[in-house]
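If you want the building blocks of each chain, they are given just below.
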Amino acid sequence: MKRRVSTHKSNQRWKRRFIILLFFGFCCGSLVLLETQYCKIKMFALLSPPFVQKPKIAFLFIARNRLPLDMVWDAFFQGDTEEKFSIFVHSRPGFLFNKATTRSAYFLNRQLNDSIQIEWGEASMIQAERILLKHALSDPFNERFLFLSDSCIPLYNFSYTYDYIMSTSTSFVDSFADTKEGRYNPKMHPVIPVYNWRKGSQWVVLIRKHAEIVVNDDTVFPMFQLHCQRKSLPEFWRDHPFPVDTSKEHNCIPDEHYVQTLLAQEGLEGEMTRRSLTHSLWDLSSSKDRQRKGWHPVTYKLADASPMLIQSIKDIDNIYYETEYRREWCTSKGKPSPCFLFARKFTRPAALRLLNMSALGAVQ
């Protein structure tokens, strides 16, 4: 009986030792396997270059409500595979970009939560620009800040556009001396002297330094709020929509003067390429459509949309500034280049027709 008990205890000890040895072997094997995998991962990390975020362009859209050309921009943004852009949209307060208001995933939830109501010809437009810049500056990788309207289209693909904008260290700001319009208000003096008064397109591209100056400005912007305002239109103005002297209708359009005047005031015109990258057609002398005349650029409709129209814009290689007797020849990377990367104003049917005709995105 004692021999049986002794044998049973011996078997129990042998089983325990076997289990311990088995567990120890499993642990050692696991450690060897982990070490092997770690070495493989370490070797892969050494052989693979680390991901480096490239500088980004912030696309800053100013919209009334939704973006009618969202699918045109959707096709444009699909050309980027390296996350080299960000999107911010200023729309009316309370408007949301969700699946019911945009078909493009790029614009989902891209609206600002502190947008304001914009009135054309008022300082609220430049306030909206400042709000957009404030949000875009929160991303340290945003190095260029591009303003676009809800009727803008891209003329080239993303790669060409990105390389064009990033190839220079300057801002693109359409800016020239305003000597004819009479929009300067003498009450701005001496804060804004008349020799710093500039005019140009609001569709600018700013480097980060200039964007910060716009956001932090507490001198020029208050002057625009006080003294650069739209005059009310006279009664029955629709019966006489084309006054000979438009200065009697408006004394100042802030978005056509603010950034240009601010950068001139700061002595930074040497850090600008003094032209816009967005084309607008203002020469209305040949237009027979009364709706196309007035204070706004031509709106291109479905019948206007053609590859020939786009090519005619792409072929522009210089801009003449009459008030300064200056001709700006357009270059990129030191070589002659098209002047414009974007164009406006396009209706949704016109833009979609161009997209379907593959007239957009091609590089010469």
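Let us look at the structure shown here.

The rules behind these values
Residues numbered from 1 in each chain as written. Predicted model: local features only at pLDDT ≥ 70, side-chain atom pairs only at ≥ 80, totals over all residues. Heavy atoms only, no water. Phe/Tyr/Trp six-rings, centres within 6.5 Å; stacked < 30°, edge-to-face > 60°. Helix = DSSP H or I, 4+ residues; strand = E, 2+ residues; numbered from the N terminus. Lys NZ or Arg CZ within 6 Å of the ring centre and 35° of its normal. Pairing = 2+ DSSP bridges. Axes fitted to C-alpha atoms, helices over the stretch in contact; angles between N-to-C directions. Parallel < 35°, antiparallel > 145°, perpendicular 65-115°, else oblique. Left-handed = near helix turned anticlockwise from the far one by under 90°. Contact = heavy atoms within 4.5 Å. Nonpolar A, V, L, I, M, F, W, Y, C, P; charged D, E, K, R; others polar. Disulfide = S-S within 2.5 Å. Buried < 20%, exposed > 50% of the residue type's maximum accessible area, 1.4 Å probe, protein only.

With respect to the packing of aromatic side chains
Okay, step 1: Scanning all chains against the criterion turns up 28 aromatic pairs.
Okay, step 2: For the ring pair Trp197 and Phe224, a centre distance of 5.7 Å and an interplane angle of 20° mean the geometry is stacked. Placement of the pair is Trp197 in the loop between strand S6 (176-177) and strand S7 (198-199) and Phe224 in helix H6 (residues 220-227), with a sequence separation of 27 residues.
Okay, step 3: The ring of Tyr156 has Lys314 lying over it, and the distance from NZ or CZ to the ring centre is 4.5 Å.

What about the sheet that holds strand S10 (residues 278-279)?
Okay, step 1: Ordered by their spatial adjacency, three strands build an open sheet running S4-S15-S10, and the pairing between neighbours is mixed. Because the sheet does not close on itself, it has two edges, and the strands there are strand S4 (153-154) and S10.
Okay, step 2: Sheet topology places S10 next to strand S15 (residues 342-343); two bridges connect them, and they run parallel. Counted as the bridge partner of Thr278 is Phe342 from S15.

Let's talk about the packing of H6 against helix H7 (residues 258-265)
Okay, step 1: One way to put it is that H6 packs onto H7 with a least axis distance of 10 Å and a crossing angle of 140°. Accordingly, the angle class assigned to the pair H6 and H7 is oblique. Here H6 and H7 pass one another in a crossing that is right-handed. Across the interface between the two elements, Val220, Phe221 and Phe224 from H6 touch Tyr258, Thr261, Leu262 and Gln265 from H7.
Okay, step 2: Partitioning the contact of H6 with H7 into residue classes produces five nonpolar, two polar and no charged.

Some points on the state of the cysteines
Okay, step 1: All chains considered together, the criterion is met by two disulfides.
Okay, step 2: Covalent S-S linkage joins Cys228 and Cys252, the inter-sulfur distance amounting to 1.5 Å. The disulfide joining Cys228 to Cys252 has a torsion of about -55° about its S-S bond and is therefore left-handed. Placement of Cys228 in the loop between H6 and H7 and of Cys252 in the loop between H6 and H7 is noted, with a sequence separation of 24 residues between them. The same class applies to Cys228 as to Cys252, namely buried.
Okay, step 3: Each sulfur of the disulfide joining Cys330 and Cys339 lies 1.9 Å from the other. Disulfide Cys330-Cys339: torsion about the S-S bond near 95°, hence right-handed.
Okay, step 4: Look at the protein chain and number its bonded cysteines as they come in the sequence; the links are 1-2, 3-4.

What is shown is where atoms sit, not what they do.
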